[in-house]
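Architecture and fold: a report
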Amino acid sequence: MRKVKTLKKSLKDIKNLVIDMDGVLYVGSQPMACLPEFIEFLRGKGIGFMLATNNSGLTPAQYSAKLAKMGAQVAPGEIITSGTATAEWLTRKYPPGTRVHVFGEDSLRQAMIDVGFVLVDENAEIVAASIDWGVNFEKIKRAVLLIRRGAFFVVTNLDPTRPTEEGLVPGTGAIVAAIAVGAEQQPVAIGKPEPTMFELAMAKMGATPETTATLGDRIDTDMHGGVRAGCSTILVLSGSTGREEAEAYGPDFLFEDIAHLLRTWEAQLAN
Ligand SMILES: [Mg+2]
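Residues numbered from 1 in each chain as written. Predicted model: local features only at pLDDT ≥ 70, side-chain atom pairs only at ≥ 80, totals over all residues.

Overview of the overall build of the protein chain
A tally of helices and strands in the protein chain yields ten helices and 15 strands. Over its C-alpha atoms the protein chain spans a radius of gyration of 19 Å, differing by no more than 12% from the 18 Å that the globule rule assigns to 271 residues. The buried share of the protein chain, reckoned over its 271 residues, is 45%. (Helix = DSSP H or I, 4+ residues; strand = E, 2+ residues; numbered from the N terminus. Rg over C-alpha atoms; globule rule 2.2 N^0.38 Å. Buried ≥ 20, exposed ≤ 12 C-beta atoms within 10 Å, placed from the backbone.)

Description of the packing of helix α3 (residues 82–91) against helix α7 (residues 196–205)
At a minimum axis separation of 10 Å, α3 and α7 run at an interaxial angle of 80 degrees. Classified by the angle between their axes, α3 and α7 sit roughly perpendicular to one another. Contacts between α3 and α7 pair S82, A85, E88 and W89 from the former with T196, M197 and L200 from the latter. For the contact of α3 with α7, the per-class residue count stands at four nonpolar, two polar and one charged. (Axes fitted to C-alpha atoms, helices over the stretch in contact; angles between N-to-C directions. Parallel < 35°, antiparallel > 145°, perpendicular 65-115°, else oblique. Contact = placed C-beta atoms within 7 Å. Nonpolar A, V, L, I, M, F, W, Y, C, P; charged D, E, K, R; others polar.)

Comments concerning the sheet that holds strand β13 (residues 212–216)
If you walk across this open sheet you meet the six strands as β5-β4-β1-β13-β14-β15, and the pairing is parallel. Two strands lie at the open edges of the sheet, namely β5 (79–81) and β15 (253–255), each paired on one side alone. Taken over all neighbouring pairs, the strand axes of this sheet differ in orientation by 20 degrees on average, direction set aside. Both strand β14 (residues 232–236) and β15 contribute to a ladder of three bridges, which runs parallel. Note that in β15 the partner of V236 across the bridge is F255. Contacts between helix α8 (residues 219–228) and the sheet are confined to β1 (16–19), β13 and β14, with β13 contributing the most and set at about 165 degrees to the helix. (Pairing = 2+ DSSP bridges.)

Here's the deal with the domain arrangement of the protein chain
If you check the domain split of the protein chain, you get domain 1 (16–25 + 34–54 + 192–270) and domain 2 (83–189). Listed as interface residues are seven residues of domain 1 and, on the opposing side, seven residues of domain 2. Residue composition of the side of domain 1 that touches domain 2, grouped by class: two nonpolar, three polar and two charged. (Domains from an automatic or database assignment.)

Concerning the environment of D20
Positionally, D20 belongs in the loop between β1 and β2 (26–27). Its 25 C-beta neighbours within 10 Å are what place D20 among the buried residues. When neighbours within four sequence positions are excluded, D20 is seen to be in contact with A52, T53, L215, G216, D217 and D222.

Side note on the environment of S107
Within the secondary structure layout, S107 lies in helix α4 (residues 106–114). For S107 and P60, which are 47 residues apart along the polypeptide, the C-alpha to C-alpha distance reads 8.9 Å. The residues touching S107, leaving out its near neighbours within four places in the chain, are S56, G57, L58, T59 and G83.

Here it is, written out as structure tokens:
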């Protein structure tokens, strides 16, 4: 039998959101119009949400502080990064006290400490890798040797590039590729477009995919990851996707930005 995707006709069907941050709630340090109003709208209507980003460069507390400066009140517990998701995912298989070697930034080390793991440079059971701004041969060598000696290899995400004012620069995937090639082993990846972050977010909200939507600005991560987790899709044009590409992809819902989404949602609920 042909499997037909059921298109959501109304935003009224959406009870929970997994929301990407950069390109959706802000671009860099610039908040989107109606950001505080959008968050307040969700709270007022009882629509559950979790913010979920592939960028593990800040801790949830740091993202919460960044949003507070923009006038939006979001608790650290409502934010997951690919780093905290990696740590949480690992706790399903590894007990507190497990020896983890981190190749990455302090935010990823903090995520591992927060779930009870111990940071080590020798005899690691796990090598957890992400972008490392101070990458060098010694760090790559250390990670490679630990993986070759049997450590489980996990990465926060495989984003090949990262958009900046200078243009597209190497992302986490480009950096961890050096370890994967040197260790001759492919890592397990946690961030979008894997469904893992969506599953963790839905578990925290007590949500099911049927009433949950992914809200994001990227097709290859936000939309594909959401679809793989069984969620419906809301794409906004305020980030890295142009209208032509967005329409060719055909998400369940397409909006200019969160202000446009907010106006439409309010109107649908008023009817
Ligand atoms: Mg984004």
